[in-house]
Amino acid sequence: MDNPALWRDTIVALRFFSRLPLPVLPGEADPHGLPDFTRLIRVVPLVGMVLGGLAGAVLIAAGLVWQPLIAALLCVGAAAVMTGAFHEDGLADSADSLGGMSRERRLDIMKDSRIGTFGATALIIGLGLRVAALAGLAAGVGVGRTALALAAAGAVSRTVALGLQVRLPPARVEGAAYATGQPRNEDWYRALALAGVIALLAVPAGGLFGTICAFAIAGLVLVLAIRFAVSHVGGQTGDMTGATQQVIEIAMLLTLLAFAAP
């Protein structure tokens, strides 16, 4: 693997997944254009680890001053700022689409930038569960181990969620899901293997068995998400991939909390 190309791809993918102030690369024509995930999928685990790790650093810093609940709130807030609430937007849009009575209407709802009742409810529940899981882990195993678990969950959730893009065709021929391409199975498997290695960061929080269970839960969520996407809109969208990432991350953190050492 070409190391210069690896770091270049990592920066490009980080720019897509976050709002971090990253430099324009030499020869880069459009730094704000949609990336090609047929190539960039290999660095998604690294990007997820970096974003989860940065949020974990906020958790550690806040935990030095405040109790776990406040530290968890600041951590989740910082993560939303870093990513521009990128995946949270997908969760809200996907939830709102539940109100559509036809495939076309559901796709239209997901394109609408406004948030409805279903979307607001999903955001409240999702953010609440993330804060509760992080606060529980921080109180039980400490902020340092919780930060490692957050880095692992960031890597695994983003990599596994891309399974929608790998397994399903785009539900429409415009938008991010179509423009970013359909990665190959073998490239996704390699990324999953790297995400699995990164998942070992979560062992101090939930133990080896807890980490294995969390990884398995991520796969189960993906299977259910694929089935839902096919029946709901006949394919995948960027919003549904983002929603899947959110559900996987929450499910992993809750699983690790269930196995956390007292």
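Structure shown above.
The following paragraphs examine the structure supplied in this document.

Along its 19 residues, helix α8 (residues 143-161) runs 26 Å from first to last C-alpha, staying within 8% of the 27 Å computed at 1.5 Å per residue. Summarising burial for α8: 15 of the 19 residues are buried, a large majority.

Applying the stated criterion across every chain yields a total of nine salt bridges. With its nearest N and O atoms 2.8 Å apart, the salt bridge here joins Arg114 to Asp112. The class of Arg114 is exposed, set by a relative accessible area of 63%. Beyond isolated ion pairs, a larger network of salt bridges with shared partners links Arg184, Glu186, Asp187 and Arg190.

On the surface, a nonpolar cluster with roughly 580 Å² of combined accessible area is contributed by Ile60, Leu64, Val65, Trp66, Ile70 and Leu74. Here Ile60 is to be found in helix α3 (residues 44-63). Owing to a relative accessible area of 33%, Ile60 belongs among the partly exposed residues under this scheme.

By the element assignment, Asp93 lies in helix α5 (residues 86-96). Judged by its relative accessible area of 4%, Asp93 is buried. Contacts of Asp93, omitting those with residues within four sequence positions, involve Ile109, Met110, Asp112, Arg114 and Asp239.

The next point concerns the packing of aromatic side chains. In the structure shown here, the tally under the stated rule is five aromatic pairs. Ring centres 5.3 Å apart and planes at 75° place the aromatic pair Phe16 and Phe17 in the edge-to-face group. With a centroid separation of 5.4 Å and an interplanar angle of 80°, the aromatic rings of Phe209 and Phe259 are classed as edge-to-face. Of the two residues, Phe209 sits in helix α12 (residues 203-233) while Phe259 sits in helix α13 (residues 238-259), which places them 50 residues apart along the sequence. Judged by relative accessible area, which is 55%, Phe209 ranks as exposed. By relative accessible area, which is 36% here, Phe259 ends up partly exposed.

One can describe the packing of helix α4 (residues 68-83) onto helix α7 (residues 117-141) by two numbers: an axis separation of 8 Å at closest approach and a directional angle of 130°. By the angle between their axes, α4 is oblique relative to α7. In the packing of α4 onto α7, the handedness of the crossing is right-handed. Residues Pro68, Leu69, Ala72, Leu73, Cys75, Val76 and Ala79 of α4 pack against Leu127, Arg130, Val131, Leu134, Ala135, Ala138 and Ala139 of α7. Taken together, the residues that form the contact of α4 with α7 break down as 13 nonpolar, no polar and one charged.

With that out of the way, let us pick up the environment of Met110. Here Met110 lies in helix α6 (residues 103-111). Residue class for Met110 comes out buried when judged on its relative accessible area of 3%. Separated by 40 residues in sequence, Met110 and Leu150 have C-alpha atoms that sit 28 Å apart. Other than its neighbours up to four places away in sequence, Met110 contacts Asp93, Ser94, Ser97, Val233, Thr237, Asp239 and Met240.

Moving on: helix α11 (residues 185-199). For α11, which comprises 15 residues, the first-to-last C-alpha distance of 20 Å matches the rise-based estimate of 21 Å (1.5 Å per residue) to within 8%. All buried positions along α11 are accounted for by Asp187, Trp188, Ala191, Leu192, Ala195, Ile198 and Ala199. In an axial view of α11, the angular spread of the buried residues amounts to 140°, which keeps them on one side of the axis. Across from the buried face of α11, at angles greater than 90 degrees, the exposed residues are Arg190 and Val197. Considering only its buried residues, α11 is in contact with α2 (37-40), α3, α8, α9 (163-167) and α12.

About the thresholds
Residues numbered from 1 in each chain as written. Predicted model: local features only at pLDDT ≥ 70, side-chain atom pairs only at ≥ 80, totals over all residues. Heavy atoms only, no water. Helix = DSSP H or I, 4+ residues; strand = E, 2+ residues; numbered from the N terminus. Expected span 1.5 Å × (residues − 1). Buried < 20%, exposed > 50% of the residue type's maximum accessible area, 1.4 Å probe, protein only. Salt bridge = Lys/Arg side-chain N within 4 Å of Asp/Glu carboxyl O. Patch = residues over 30% accessible without salt bridge, like charges linked within 9 Å, V, L, I, M, F, W, Y side chains within 5 Å. Areas by Shrake-Rupley, 256 points an atom, 1.4 Å probe, with all protein chains shown as cover. Contact = heavy atoms within 4.5 Å. Phe/Tyr/Trp six-rings, centres within 6.5 Å; stacked < 30°, edge-to-face > 60°. Axes fitted to C-alpha atoms, helices over the stretch in contact; angles between N-to-C directions. Parallel < 35°, antiparallel > 145°, perpendicular 65-115°, else oblique. Left-handed = near helix turned anticlockwise from the far one by under 90°. Nonpolar A, V, L, I, M, F, W, Y, C, P; charged D, E, K, R; others polar. Arc of directions from axis to C-beta.

Purely geometric numbers; function is a separate question.
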